[in-house]
Structures are given as C-alpha cells and as structure tokens.
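# Results of the structural survey
Each chain, letter by letter, is given below.
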Amino acid sequence: MSGGALSSDWAPSYAAVPRASFLPDLIWPWDMEAGSSVAVSREDDPEAWFGYADADVPIVTQWDDGRHTGTEPGALSTSSASMPSVVFRMLNDLGVKPGNRILEIGTGTGWNAALLAHRLRPENVISVELDPVVAAAARTALNAFGLSVQVINRDGLKGYPEGAPYDRIIVTCGLRSIPFAWVEQCRPGAVIVAPWGTHYGNGDAVARLVVAEDGRSAAGHFVGPVEFMKARTQRQPEVRHAEYVPGSVADGDETASTVTEEQFLGGRFSPQDFAVGLCVRDCVQAISAKEDGTRAVWFYGLSDRSWACAQFRDTGTTRVWQSGPRRLWDDVQAAFAWWAEQGHPGFDRFGLTVDTAGEHAWLDDPDNPVPGDAAA
C-alpha cells in the first residue's frame, strides 16, 4: 500500500479482511497505464481480477445509479471500492478507540464497514446506504464474511438517530454540505471525518471535525485532498453552456488580466482551486483543452446566469469576458489574489465549522473566516 497509510493498529484488520471478499464478479478498476476504467471479470480473468482487488487502485462497482448494463464503462460512476491507501488514511483520521460506536455514511461494497467491525466488533458499527441494491449486496457480503454489521437502507444525510449517540462518524461520499443532524447525533467530543468541497470543482478535502462539548457545533481542519463520488442529492447541478452563452463570448464585457495560466491552474488537487471555491460559492469552473497556445477557462454561476471566460495565452495578457449580475472573474481573481497574499496555504491550514447556522470556512482558526460570502 502506498504512502505509508497502513498504521500498525489497522494492519491486523487489513490482513484479516481482504477487499476481494466484498467485490462483485464484474468490476471496473482504474488502470494506471491506460488512464481509464477497465472491465475485469472474475470468471473470465481471475488472475487480473484478484490482482486489481489487491492493488492500491479505486474500483468502480456501479455506474449510472444502477441503470447501466454491459461491460463498457457507463457515463457516471456511482458506487465503488476506494483506494486502500485512502481508506486507511481516513480510518487513521477517525482515531477510533475500543468500544466506540460508529456510524458510517455510504456502505458501498461493505469493505470499510467490515474493517471497522473487525477492529471494534460488528455491534458497534452501523452503516447507512441510499441505494437498495448496493445495500443488499453489502449486507450479504458482510454476513457471509461473519461480520454482521447493521446496514440501513435510507438517506444517510439524515443520519440514523435510532442508533445514536455516536462516538465517530465516517463518510465515504463527497459532500457539498454537512448536515447538522450528524452533529446532533454525536456525543460531545465525537469525531466526524468527511470528504467535503464546493461546486467550483469535483475535488474534495477530508474534514476532521470535533463535536463541541455543548453539542451545538463541530469544527476542525482539513487534512488533505481526495476525490469521492458525490452524495446523490448533492451532485453538481447540470450546467448547459448554451443557457448561459446563447451567442458569442464577445457578447460579454471584455477586460484583461495579468494572471497567467501557470499561476492560476494548479492541476488536480490544487490548493488554490480549493481556496477559490471557498471564497466564491455557487460557481462552477470548467477548463477547456488547450489549442494553439490558448486555453479557455469558463465560470458559471449557479444562483443566476452570470458567466465569465478567461482566455489564457502562452504570450500576452489574458483576455477576459464576463456577463451577468455577478462579475465572476473579478470575484475569482480577488479570491486567487487573497490566497497568494496568505502565503499560498495548503489544505491543512483551512478549516470548517458546522452549526445550526450552516457551514463556515476559515483559515488557520475559526475566528479568521475566508473572505466573501463563504457560509453555506
């Protein structure tokens, strides 16, 4: 396993609970060389199937919310077995102790629940899964393995108050909002570990929140970037370009910027994208392929039909067009400048507070909120 993610206290569970016992016969692992998901059948190619099951790669187990058929990848991956290194980093962040009562949001294959059950005993773990087919398959696999975790088929965003209070909550889907119901179902001092991000991009960061002694809030820093399938009711709203820009980009107001592509685009898991998303909510960034030394980056507002386009060029200044009541590029550029002024902070300097008023992002400590309207 890469990155030293497997700690000594989780090593016995990793050895005792193989991921292969929780995978279906047909899987779509991510092939690092091909750079895509590939179909692998246990019946047709057992050597490859077990090789991928043991590898540190993510494995898709469902496409298109179960509507998909056939062996070719579907349009949207909607259930999976995460990379083992990611699984154990998040389990380490959870900081479980003997006797802890755990709520897992997003059962998936059941492997993560099985690891928790092996270490803490099945009666201390409850897992909630929205998809009835996925829940049934996980329940069957857990029972067959002898770790009869209680798997509940319902919307995990509501938690499971019948089993509360919990000492730990771990979430295996990407979120754009953390429900306060989870905080209410925790004991004071409980830990919530959840991938969280904004609609600005598809990336997430793992938030490790500690519930306050009065039970009225939970707060903590982010511990690092990840990318998870999003909770079904919190997926990014569909953005249709023609609904924002029915004519030409020239219909927008044109300005220029000295920000370069190299400065602005940090790549996958870039902290600047995360920081800009915190400051400029309800905005989606879309990066076009580079052609003839230019690259267009689009920004679409989700609260109205505001849009902006920054055309980065290898030489010369960046051309910008924007339209609508929100000057999206102005907001994005200001957020990027703020991030640079703070010393280019990484994920671990940012944090999140969840309370009855919503979510509040901050830099370094809760008394230092990020600029702009960052409360969800």
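Please read these numbers as outputs of a predicted model, since none were measured by experiment.

Our next topic: the nonpolar core. Residues Leu175, Phe264, Phe299, Trp329 and Phe350 are the most contacted members of the largest nonpolar core, which totals 59 residues. With seven residues, helix H10 (residues 328-341) is the single largest residue contributor to this core. Once residues within four sequence positions are removed from consideration, Leu175 is found in contact with Leu157, Trp182, Ala194, Pro195, Trp196, Gly197, Asp204, Ala231 and Gln234. Among the nonpolar cores identified, the runner-up in size contains 32 residues, and Ala5, Trp10, Val86 and Leu115 belong to it.

Here the structure, examined in full by the defined rule, presents 22 aromatic pairs. Their ring planes at 45° and their centres at 5.8 Å tell us that Trp298 and Trp307 sit as a pair that is tilted. You'll find Trp298 and Trp307 in the same group, each marked buried. Put simply, the rings of Tyr200, Phe264, Phe299, Phe312, Trp329, Phe336 and Trp339 pair up and form one aromatic cluster. Just above the ring of Trp10 sits the side chain of Arg119; from NZ or CZ to the centre is 4.7 Å.

The next thing to look at is the packing of helix H9 (residues 271-279) against H10. It is the contact of H9 with H10, at a shortest axis distance of 9 Å, that shows an interaxial angle of 125°. Between H9 and H10, the angle is such that the two are oblique. Seen along the crossing, H9 lies across H10 with a hand that is right-handed. Residues Pro271, Gln272, Ala275, Val276 and Cys279 of H9 form the contact with H10, whose participating residues are Val332, Ala335, Phe336, Trp338 and Trp339. Among the residues forming the contact of H9 with H10, the class breakdown is nine nonpolar, one polar and no charged.

This part is about the pairing of strand E8 (residues 150-153). Of the strand pairs in this sheet, strand E7 (residues 125-129) and E8 are connected by four bridges, and their pairing is parallel. Considered in E8, the bridge of Glu129 is made with Asn153. In this fold, the crossover linking E7 to E8 by way of helix H5 (residues 132-145) has right-handed handedness.

As a general point, the strands of a sheet are linked pairwise by backbone hydrogen bonds and lie either parallel or antiparallel. What the five strands build is an open sheet, ordered E13-E17-E16-E15-E14; its pairing is antiparallel. If you trace the sheet from one side to the other, it starts and ends with strand E13 (253-257) and strand E14 (283-287), each paired once. Averaged over all pairs of adjacent strands, the angle between their axes in this sheet comes to 20°, without regard to strand direction. Two strands pair when backbone bridges link them, and E13 and strand E17 (residues 318-323) are joined in this way by five bridges, in the antiparallel orientation. Paired with Glu254 across the strands is Trp321, a residue of E17.

Below, the discussion takes up helix H3 (residues 84-94). Among the 11 residues of H3, nine are classified as buried, and the element is accordingly described as predominantly covered. Residues of H3 that are buried: Pro84, Ser85, Val86, Val87, Phe88, Met90, Leu91, Asp93 and Leu94. Against helix H1 (11-16), helix H4 (111-120), strand E9 (166-171), strand E10 (186-196), strand E11 (204-211) and strand E12 (217-226) lie the buried residues of H3. Trailing H3 by a residue or two, Gly95 shows a phi angle of about 60°, which is positive.

The next point concerns H10. The end-to-end C-alpha distance of H10 is 20 Å, a good match for the 20 Å that 14 residues give at a rise of 1.5 Å each. Taken residue by residue, H10 has Leu328, Trp329, Val332, Ala335, Phe336, Trp338 and Trp339 as its buried positions. Directly after H10, the chain includes Gly343, whose backbone phi takes a positive value near 95°.

This paragraph deals with the pattern of salt bridges. Throughout the structure, instances matching the rule amount to 21 salt bridges. The shortest N-O distance in the salt bridge between Arg235 and Asp65 comes to 2.7 Å. One end of the pair, Arg235, is in the loop between E12 and helix H7 (241-244); the other, Asp65, is in the loop between strand E4 (59-63) and strand E5 (77-81), and 170 residues separate them in sequence. Look at Arg235 and you get partly exposed, because its relative accessible area is 26%. A salt bridge links Glu123 to Arg121, with the shortest nitrogen-to-oxygen separation between them at 2.7 Å. For Glu123, a relative accessible area of 48% corresponds to the partly exposed category. Residue Arg121 is classed as exposed on the basis of its relative accessible area of 53%. In this structure, a network of salt bridges that share partners links the residues Asp65, Arg67, Asp131, Arg232 and Arg235.

Cut-offs applied
- Residues numbered from 1 in each chain as written.
- Predicted model: local features only at pLDDT ≥ 70, side-chain atom pairs only at ≥ 80, totals over all residues.
- Heavy atoms only, no water.
- Core = buried A, V, L, I, M, F, W, Y, C linked by side-chain atoms within 4.5 Å.
- Buried < 20%, exposed > 50% of the residue type's maximum accessible area, 1.4 Å probe, protein only.
- Helix = DSSP H or I, 4+ residues; strand = E, 2+ residues; numbered from the N terminus.
- Contact = heavy atoms within 4.5 Å.
- Phe/Tyr/Trp six-rings, centres within 6.5 Å; stacked < 30°, edge-to-face > 60°.
- Lys NZ or Arg CZ within 6 Å of the ring centre and 35° of its normal.
- Axes fitted to C-alpha atoms, helices over the stretch in contact; angles between N-to-C directions.
- Parallel < 35°, antiparallel > 145°, perpendicular 65-115°, else oblique.
- Left-handed = near helix turned anticlockwise from the far one by under 90°.
- Nonpolar A, V, L, I, M, F, W, Y, C, P; charged D, E, K, R; others polar.
- Pairing = 2+ DSSP bridges.
- Right-handed = clockwise from strand over helix to strand, strands pointing away.
- Expected span 1.5 Å × (residues − 1).
- Salt bridge = Lys/Arg side-chain N within 4 Å of Asp/Glu carboxyl O.

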